[in-house]
Amino acid sequence: MSQHTSPAPRAPLPHPVTLSAFWFGNAFHWLVLLLIAMPAGVVQFVGEGGAKGTYLGLLTAVGPGGTGSPSHRGSAE
């Protein structure tokens with residue numbers, strides 16, 4: 001006696017407008033972080049001195065995750 005199984009139902013594809021809204025929101029989020037929030041945080045941390053550009057470049061290269069909490073890093077196990 002053979003048992004006929006049907007494939008699992010596939011999730012519906014999102015509408016293109018939904019994807020566009022997601023990507024617009026994601027791009028806007030990073031625009032605000034990189035152009036407004038990070039420079040303001042660097043100025044608040046190191047002041048208006050000549051090292052502001054150096055620290056902003058370093059933070060951009062390393063990324064905010066490199067300076068975040070240990071829970072965002074890989075486990076040592």
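The structure this text deals with has already been given above.
Residues numbered from 1 in each chain as written. Predicted model: local features only at pLDDT ≥ 70, side-chain atom pairs only at ≥ 80, totals over all residues. Heavy atoms only, no water.

### What to know about the pattern of salt bridges
Pairing is possible between side chains of opposite charge, provided their charged atoms come close.
Part 1: On inspection of all chains with the given rule, the structure shows one salt bridge.
Part 2: Residues E48 and K52 are paired through a salt bridge, measuring 3.5 Å at the closest nitrogen-oxygen approach.
Part 3: For K52, a relative accessible area of 30% gives the class partly exposed. (Salt bridge = Lys/Arg side-chain N within 4 Å of Asp/Glu carboxyl O. Buried < 20%, exposed > 50% of the residue type's maximum accessible area, 1.4 Å probe, protein only.)

### What about the packing of aromatic side chains?
Part 1: According to the stated counting rule, one finds two aromatic pairs in the structure shown.
Part 2: Between F22 and W23, the ring centres sit 5.0 Å apart and the planes meet at 70 degrees, which makes this aromatic pair edge-to-face.
Part 3: With centroids separated by 6.4 Å and ring planes inclined at 20 degrees, the aromatic side chains of F24 and F28 adopt a geometry described as stacked. On the criterion of helical spacing, the pair formed by F24 and F28 is a turn pair, its members being four residues apart in helix α1 (residues 16-46).
Part 4: Taking the relative accessible area as the measure of exposure, F28 reaches 47% and is therefore partly exposed. (Phe/Tyr/Trp six-rings, centres within 6.5 Å; stacked < 30°, edge-to-face > 60°. Helix = DSSP H or I, 4+ residues; strand = E, 2+ residues; numbered from the N terminus.)

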